[in-house]
Amino acid sequence: MFMTSLETLSATSARERLLSAAAVLFYRDGIAATGIDAIVKRAGVAKKSLYNNFDSKAALVAAYLEARHAEWLTLFEVRLSQAATPAARVLAVFLAYQDHAEGAYERGFRGCGLLNAAAELPAGHKGREAVRRHKQQVEALLAAPLLEMTGDEAAASCLARQLAFLLEGAMVRAGLEGDSRCVQQAHDMAAALLEAI
């Protein structure tokens, strides 16, 4: 059976509304505290629409994590496009996280949405693996320009891990404090470290 264009548009917009509603509620209130009824109500769709677009709440959580990852990559790509040197490409990662921290959130900034989600998911959950892959990609984005700067793969990898830890710690503190100052400070610390290379 073929869907008409109107039905396709309706299904797509329902999916987008559900994902948008889930993104706000999962970040604001947490995954466990957010029920299907709250998501459906905020999205303004029937509960049947949720199950027509997502097999389960777990599938919606997976889509949310994927969307958060894509959102951060978009912020990074914007910053990367302005980076002319390897050091600037390293700092672009920090600036993308700063942009994330300065976004508009209903109840303020609560830290990295991916780490917040991972903290709620049990060990072995596919969502935790998705978050781990994101963090590994961020570390790789740090390592590539560091390799250009050092010419030493082991040194670049070690420094990338240190900067990733600095960044993650700054994000956690920024989430506790509700603003981007800690991320700005981590950026400045990273810049000072890079000057020594």
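Residues numbered from 1 in each chain as written. Predicted model: local features only at pLDDT ≥ 70, side-chain atom pairs only at ≥ 80, totals over all residues. Heavy atoms only, no water.

Asks: I'd like to hear about the overall build of the chain, residue by residue, with values.
Replies: When you go through the chain residue by residue, the secondary structure sums to nine helices and zero strands. Put simply, the chain runs from its N terminus to its C terminus through helices and strands in the order α-α-α-α-α-α-α-α-α. Dimensions along the principal axes, computed over C-alpha positions, put the chain at roughly 60 × 40 × 30 Å. For the chain, buried positions account for 40% of its 197 residues. Partitioning the contacts of the chain with sequence separation of at least 6, the portion at a separation of at least 24 is 62%. The chain carries 21 positive and 22 negative side-chain charges, and their two centres are separated by 9 Å. (Helix = DSSP H or I, 4+ residues; strand = E, 2+ residues; numbered from the N terminus. Buried < 20%, exposed > 50% of the residue type's maximum accessible area, 1.4 Å probe, protein only. Contact = heavy atoms within 4.5 Å. Lys, Arg positive; Asp, Glu negative; His and termini not counted. Charge placed at Lys NZ, Arg CZ, Asp CG, Glu CD.)

Asks: Run through the environment of alanine 96, naming residues and quoting values.
Replies: For alanine 96, the position within the fold is in helix α5 (residues 86-101). Beyond its immediate stretch of four places on either side in the chain, alanine 96 contacts Trp72, Leu75, Phe76 and Arg79.

Asks: Could you give me a rundown of empty space enclosed by the protein, with the residues and numbers involved?
Replies: The final tally for this structure, using the stated rule, is one cavity of 30 Å³ or more. If you add up the space inside the largest cavity, you get close to 90 Å³. Every residue along the wall of the largest cavity is listed here: Arg68, Glu71, Trp72, Leu75, Tyr97, His100, Cys112, Gly113, Leu114 and His134. Elements with a minimum of two residues in the lining of the largest cavity: α4 (57-80), α5 and α6 (113-120). Counting residues per element, the lining of the largest cavity draws most heavily on α4, which supplies four residues. (1 Å grid on protein atoms, 1.4 Å probe; cavity = no way out; pocket = protein on both sides within 12 Å on 5 of 7 lines; lining within 4 Å. Points joined across faces, edges and corners; volume = space filled by probe spheres on them.)

Asks: Which residues make up the UniProt feature "DNA-binding region" (unreviewed entry) in the chain, and what are the values?
Replies: In the UniProt entry, the feature "DNA-binding region" (unreviewed entry) is given for residues 35-54. Structurally, residues 35-54 is divided into 75% helix and 0% strand, and its ends, taken at the C-alpha atoms, are 14 Å apart. (UniProt positions renumbered as here; feature names shortened; annotations may be inferred.)

Asks: Kindly report on the environment of lysine 126, identifying the contributing residues and their values.
Replies: By the secondary structure assignment, lysine 126 is in helix α7 (residues 126-150). Separated by 51 residues in sequence, lysine 126 and glutamate 177 have C-alpha atoms that sit 29 Å apart.

Asks: I'd like to hear about α6, residue by residue, with values.
Replies: Of the residues making up α6, those classed as buried are Gly113, Leu114, Ala117 and Ala118. Considered in projection along α6, the buried side chains sweep an arc of 135° and stay on one side of the axis. (Arc of directions from axis to C-beta.)

Asks: Break down the side chain of histidine 100 for me, with residues and values.
Replies: Within the secondary structure, histidine 100 sits in helix α5. Histidine 100 sits in the buried class, given a relative accessible area of 7%. Those residues in contact with histidine 100, other than ones at most four positions away along the chain, are Arg68, Glu71, Leu75, Tyr105, Phe109, Gly111, Cys112, Gly113 and Met171.

Asks: Got a sec to walk through the packing of α4 against α6? Specific residues and values, please.
Replies: It is the contact of α4 with α6, at a shortest axis distance of 10 Å, that shows an interaxial angle of 155°. Classed by the angle they form, the pair α4 and α6 counts as roughly antiparallel. In this structure, the crossing between α4 and α6 has a hand that is left-handed. In contact with Tyr64, Leu65, Arg68 and His69 of α4, α6 contributes Gly113, Leu114 and Ala117. Taken together, the residues of the contact of α4 with α6 sort by class into four nonpolar, two polar and one charged. (Axes fitted to C-alpha atoms, helices over the stretch in contact; angles between N-to-C directions. Parallel < 35°, antiparallel > 145°, perpendicular 65-115°, else oblique. Left-handed = near helix turned anticlockwise from the far one by under 90°. Nonpolar A, V, L, I, M, F, W, Y, C, P; charged D, E, K, R; others polar.)

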